[in-house]
Amino acid sequence: MMSSTDHLKNYIRDIENFPEQGILFRDITTLIKNEEAFKETINQMTNILDKLDFDKIASIESRGFVFAAPLSFNLSKPLVLMRKKNKLPAEKYSVDFELEYGKATLEIHKDSINSKDKVIIIDDLIATGGTAEAAAKLVEKSGGEVAGFIFAINLFDLGGKELLEKKGYKIFSIMDFPGH
Ligand code: AMP
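These notes cover the structure that comes with them. (Residues numbered from 1 in each chain as written. Predicted model: local features only at pLDDT ≥ 70, side-chain atom pairs only at ≥ 80, totals over all residues. Heavy atoms only, no water.)

Quick notes on helix α4 (residues 63–75)
Relative to the 18 Å expected for 13 residues at 1.5 Å per residue, α4 spans 19 Å between its end C-alpha atoms, a close match to the ideal helical length. Turning to α4, its buried residues are Gly64, Phe65, Phe67, Ala68, Leu71, Ser72 and Leu75. Seen along its axis, α4 keeps its buried residues to an arc of 165°; they face one direction. The elements touched by buried residues of α4 are α2 (29–32), α3 (35–50), β3 (56–60), β4 (79–84), β7 (118–126) and β8 (145–155). (Helix = DSSP H or I, 4+ residues; strand = E, 2+ residues; numbered from the N terminus. Expected span 1.5 Å × (residues − 1). Buried < 20%, exposed > 50% of the residue type's maximum accessible area, 1.4 Å probe, protein only. Arc of directions from axis to C-beta. Contact = heavy atoms within 4.5 Å.)

Encoded structure:
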């Protein structure tokens, strides 16, 4: 019998050589356009987070927002947006980092997280872990503590999960795929 995670994996579309040659893109638009598959993914994430002690949910632009908003509703926790460079209007902290394809900057409003807030970080997918690591730095610059990370997809052979676990963070994911 297929587990519910195997069932959900059927809704992820693979696109070869996007956005660059050599990248196998794992597309979640085919998951979220099926309301049952989207709901099941959110239910599984909700069950994991329900057992953890935390104050806020911080999500990474832009596909992280899609998963974080329903989790914020389900768990009655405030939602924080971490955005790409020059999108946030108020005073902010910035962190530069390396991506699987290129460089990027992530930003957070200075008043999003209070000192000692325990924060769960959400994104659609973890690959090398660079984006997630930058998000953790933003939480910590804000005076908060990272209570854990949750991703819909873990590209298990790209080392991101191990990188973050070595730094002492808790990592959860719903679906595992190879990176290539
Ligand atoms: P990384 O910083 O290498 O862990 O990359 C994670 C971020 O880049 C996430 O925000 C993903 O949405 C995006 N990303 C990286 N690699 C892929 C991939 N192969 N398929 C889809 N999204 C990806």
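Brief notes about the packing of aromatic side chains
Under the criterion given, the structure shown has 4 aromatic pairs. For the pair Phe149 and Phe151, a centre-to-centre distance of 6.1 Å together with 10° between the ring planes defines the contact as stacked. With respect to burial, Phe149 and Phe151 carry one shared label: buried. Pairwise contacts between aromatic rings join Phe149, Phe151 and Tyr169 into one cluster. Between Lys9 and the ring centre of Phe177, over which it is positioned, the NZ or CZ distance is 4.9 Å. (Phe/Tyr/Trp six-rings, centres within 6.5 Å; stacked < 30°, edge-to-face > 60°. Lys NZ or Arg CZ within 6 Å of the ring centre and 35° of its normal.)

Let's talk about the nonpolar core
Across soluble globular proteins, nonpolar side chains show a tendency to be buried alongside one another. Core analysis: the biggest nonpolar cluster contains 27 residues, and Leu49, Ile122, Ile153 and Met175 have the highest contact counts within it. Elements with a contribution of two residues or more to this core: α3, α4, β7, β8 and β9 (171–177). Ignoring any residue separated from it by four or fewer positions in sequence, one finds Met175 in contact with Thr5, Leu8, Lys9, Ile12, Leu31, Thr41, Ala152, Ile153 and Asn154. Core analysis: the second largest hydrophobic core is formed by 24 residues, Val95, Phe97, Val139 and Val146 among them. (Core = buried A, V, L, I, M, F, W, Y, C linked by side-chain atoms within 4.5 Å.)

Points about the pattern of salt bridges
Counting across every chain of the model gives 11 salt bridges. Of the charged contacts in the structure, one is a salt bridge between Asp27 and Arg13, with a shortest N-O distance of 2.9 Å. Here Arg13 lies in strand β1 (residues 13–16) and Asp27 lies in strand β2 (residues 24–27), a separation of 14 residues in the sequence. Given the relative accessible area of 40%, Arg13 is considered partly exposed. A salt bridge links Glu91 to Lys110; the nearest nitrogen and oxygen atoms lie 3.5 Å apart. Of this pair, Glu91 sits in the loop between β4 and β5 (92–99) while Lys110 sits in the loop between β6 (102–109) and β7, placing them 19 residues apart in sequence. Classification of Glu91 by relative accessible area gives exposed; the value is 59%. (Salt bridge = Lys/Arg side-chain N within 4 Å of Asp/Glu carboxyl O.)

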